[in-house]
Amino acid sequence: MRGPLGAVIGRYSSSDGTTPVGGIIRHNRKCSDIAVLVILIAFWISMIVNSSFGFNQGNPLRLTYGLDYKGNVCGDKHAGLHEVELLYWLNPNQVYQSGLKDSKLKLVDARSICLLDCPVPSEDSLNWVCDYPEGDIRLSMDDWIDSNYNYYEYLTPEMRNSSLQLQGPCYPVIFPSVNVYWTCQFIARASNVSLNHWQQMGGVSINEDIVIDKSIHKYINARSAVLKRYMADIGKSWPVLIVCGGIIPLFLSVIWLLMIRYFVTAMPWVTVVFFNLLMVSVTMFYYLKVGWIGNNAISPIIGEHDPYIHVSGRELTHLRIGTIMMTFITIVAILTSIAIVRRILMGTSVLKVAAKVIGEVRALITFPVIPYCILAVFYMFWISAALHLFSSGQVVQNNCNSNCCAYDLLEKKVNCDRCCGYSIRYTPHIGIAILFHLFGCYWATQFFIACSSTVIAGSVASYYWARGENSQEIPLLSVISSMKRLMRYNLGSVALGSLTVSFVESIRLLLESMRRKLKVSSYEPDNWIGKAAYRSSQFFLRCIGWIIKSVNRNAYIIIAITGESFFRSSAIATELIMSNILRIGRVNVIGDVILFLGKLCVSLSSAVFAFLMLDTHKYRAAHNKITSPLLPVLVCWVLGYIVATLFFGVVEMSIDTIILSYCQDSEENGTAQYAPPLLMETLNNDQNETQRLTQGSQ
C-alpha cells in the first residue's frame, strides 16, 4: 500500500460526485505547473528576439564567400557583385609575405577582389586583373567582366607605373589559379611567358615559392573556415533536408505504422534485418567517400583543376574519423541485434497489443501529422535563423600595421592609410546567442514530442479502461479530447518535463566538451581515484539522461490520466513501475529495443537517400557545390530520427500506457480485469519463465 497516496490513479469523481464518462480519465482537473508555462512563453519571445537579431545583422553569403578589398561579400547583389563570387588575391608578393613565419602581414590583409572565374596566365602575352572600375575608368561592371577584368590599356602613365610596382590599380597574372571553395588557389608554378613579359616591362621582382600555395591552403583549411563551410552546406542542401529529412521519414514512418497494424508478426524480423542492411550500406558509403574502396573518393588535392568537389585536409580527416566511428557502431549494432533475436517473439506479443489499440483508436495513426507539421515549420524558421546568427558578425577593417599601399581610383593617388583588409568580428554576445538558439531548438523538439506523447497516452488510457464496459464509453474522438485536456490544463507540466531533459542533456554535452579539451591538452588526474571519476563521469551522465527520459515518458502518461503536476506524476509512475518491475520489465525493454531499431531504420534510410542526392552533379559542381556531405547527411539522420520518434511514439506510448494501466488495474482489483487477453498471456508467460530461472538457480 502507498499510505497517504491511496490508490495511485484510481477512479476519480467529477465535481458532482459522479464517475465521469471515460472511466479512469480525470476530468475535474486544474492547471498544473503554470510558472513553467510562463517561463516557456517568455523563452519563446526571447527566441524570436534573438532570431530577429540574426536576421537583421547576418548574411549567410559570408559563410561561403570571402570579403574583397572594400569589405563587400562576393556574390552580394546589394553591392553589385551578384555575378562575381570567387575571391582572388591580386598581389602575389603579399600572398607570399603572408605565408612567411615572422611576417606581420596576414592573408586577410592582402588585396583581394571578387571575380567570375579564376584567372590563368596567357600563353603569348601578359594578362592583367584590375580593380573594380570607378573614377576616371568609365566602364560598367558588365564591361569589366567581359574584358576579362583588364583595362590596363586605359591607364595613365602614373597608373601604369604604380601597377608595375604591384600597387594597382592593375595587377599581373603570373601564377595559374583554380577554384577551391570559391577561392582562387594559386599554383606555385609561375608562367615563364608572363614572367618574361613582366620583367621586360620593368615590373618589380615577384617571389616564386611554394609558400604562395601553402599560404592560401592554410587560410582555406582554418577551423573557422571549415565551420563556416559546414554551415553553408546546410543552406545549399535545403532541398535534400526537405526530401530526406522530412518527406522520406514521414513516408517510411507511416508505412511502418501500417505494417505494424496489419503485419505485426513479421515486422520485428523485418526491422532487425533491414536495420543491419542499412548500417552496412551507410558504412560502405563512408568507405567510398574516403577512397578506402572503389574509385569515387572525394579529392583532397588542392590545386588540381576538377569541376567536382574537393575537400581540404581537415574535412577529409573528419570523414575518415566518421568512417571509423560508423564501422565501430555497425559492428556493435549487428551484435546487439543478433543478441535480441531470441526475445523477438516476446516483443511481437507486445506489438500485437499496440496494433490492436491502433486498430480501435484509428485517429492515432494520423495524429502525429499535427506535431510533424508544427516541427517542420519550426525547423525551417530555426535553420534560417541559425544561418543568419552564424554570419551575424560585424565587418570591420583590420589594423594590419604593414606596408600595403594601393592606388585609389577615386583619389587618383597611391593610398597607404586605408589599405588593410576586412574581417568579420564576432562579439561574445553572438556566441551566447548561438548557444541560446541551440538550446531553444532542443527544448522545442522535446516539448512537441512530449505533447504528442501525452495526447497519445490519454487516448490509449481511455481505450484500456473501457474494456470492461460498453465500447460507447470510449470517446468517439478520444484524440481530440486528449488534445483539449493537454492544451487547457497540462502544457506547463509537459514544458517542465521537456525542460528537465534539455537541461540535463545540455550539462552532459558541456561536460563532454570540457572533457575533450582536457584530453587534447593531455591533462588527466594523477591519482587513481581522479582517473576513475574522470573516465566514468560521462557514463553516469548518460545513465542519468536515459533514466530521466524514461521517467518523463511514464510521467506524461500519468499527467494525461490524472492531470497531476509533473513531479507528482513522475513519483506516481516510478512507484508503480518499481512495484511491478519483475512482471513488466523484460517485456517493456524488448518492445523498446525493437522500436528503437525501427527508428534507426527510418533515420538510416534518410541518411542513405541524402548520400545519393548529394552525390549527383547538382551538388558536386557549380553554384550549389557542397564542401562535404558529412553535415547534411548527419542533419538528415537527426531529422529522420525525430520524425520517426513522433510516429513510433504511437506504438511506444500505447505499450507504456497499457502496461502502466495494467499495473494500476492489478493493484486495484487484485488481478487485471481490464487488460487485453494477449497482454495477460504475454506477461504470464514472462513471469513463469522468470520463476523457472529463479528456481533453477537455487
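Check the entry above for the structure.
Model, not experiment: these values are computed from the prediction. (Residues numbered from 1 in each chain as written. Predicted model: local features only at pLDDT ≥ 70, side-chain atom pairs only at ≥ 80, totals over all residues. Heavy atoms only, no water.)

Caption draft 1: Highlighting the packing of aromatic side chains. Following the criterion strictly, the structure yields 22 aromatic pairs and no others. Ring centres of Trp89 and Tyr219 lie 5.4 Å apart, and the angle between their planes is 85°; this geometry places the pair in the edge-to-face category. Here Trp89 is found in strand β1 (residues 86-89), whereas its partner Tyr219 is found in helix α6 (residues 211-220), with 130 residues between them in sequence. Judged by centre distance (5.4 Å) and plane angle (70°), the rings of Tyr132 and Trp144 are edge-to-face. Of this pair, Tyr132 sits in the loop between β3 (128-130) and α3 (141-146) while Trp144 sits in helix α3, and the two are 12 residues apart along the sequence. Residue Tyr132 is classed as buried on the basis of its relative accessible area of 5%. In this structure an aromatic cluster arises from ring pairing among Trp44, Phe378, Tyr379, Phe447 and Phe448. Above the face of the Tyr69 ring, Arg111 is positioned so that its terminal group lies 3.9 Å from the ring centre. Above the face of the Tyr181 ring, Arg229 is positioned so that its terminal group lies 4.0 Å from the ring centre. (Phe/Tyr/Trp six-rings, centres within 6.5 Å; stacked < 30°, edge-to-face > 60°. Helix = DSSP H or I, 4+ residues; strand = E, 2+ residues; numbered from the N terminus. Buried < 20%, exposed > 50% of the residue type's maximum accessible area, 1.4 Å probe, protein only. Lys NZ or Arg CZ within 6 Å of the ring centre and 35° of its normal.)

Caption draft 2: Region of interest: empty space enclosed by the protein. Counted according to the given criterion, the structure contains 4 cavities of 30 Å³ or more. As for the largest cavity, its lining consists of Leu40, Phe43, Trp44, Met47, Phe378, Gly440, Trp443 and Ala444. Contributing elements (two or more residues each) for the lining of the largest cavity: α1 (34-57) and α14 (428-465). Per-element tally for the lining of the largest cavity: the top contributor is α1, with 4 residues. (1 Å grid on protein atoms, 1.4 Å probe; cavity = no way out; pocket = protein on both sides within 12 Å on 5 of 7 lines; lining within 4 Å. Points joined across faces, edges and corners; volume = space filled by probe spheres on them.)

Caption draft 3: Geometry of helix α5 (residues 192-200). Looking at α5, one finds that the buried residues are Ser194, Leu195 and Trp198. In an axial view of α5, the angular spread of the buried residues amounts to 100°, which keeps them on one side of the axis. What points out from α5, more than 90 degrees from its buried face, is the exposed set Asn192 and Gln200. At its buried positions, α5 is contacted by β3, α4 (157-164) and β4 (170-172). The positive-phi residue at the C-terminal boundary of α5 is Gly202, with phi of around 90°. (Arc of directions from axis to C-beta. Contact = heavy atoms within 4.5 Å.)

Caption draft 4: Inspection of the side chain of Ser162 at higher detail. Secondary-structure assignment places Ser162 in helix α4. Ignoring any residue separated from it by four or fewer positions in sequence, one finds Ser162 in contact with Gln167, Gly168, Tyr407 and Val414.

Caption draft 5: Fine view of the pairing of strand β2 (residues 112-115). Across the two faces of β2 the burial is the same, with Ser112 and Cys114 and Ile113 and Leu115 all buried. Bridge count between β1 and β2: 4 bridges; the pairing is antiparallel. Bridging across to β2, Trp89 finds its partner in Ser112. (Pairing = 2+ DSSP bridges.)

Caption draft 6: Up close: unusual backbone geometry. Its identity as a non-glycine residue notwithstanding, Asp33 has a phi of 50°, on the positive side. Within the secondary structure, Asp33 is located in the segment before α1. The phi dihedral of Tyr149 is positive, around 65°, even though this residue is not glycine. Tracing the backbone shows Tyr149 in the loop between α3 and α4. A relative accessible area of 3% means that Tyr149 is categorised as buried.

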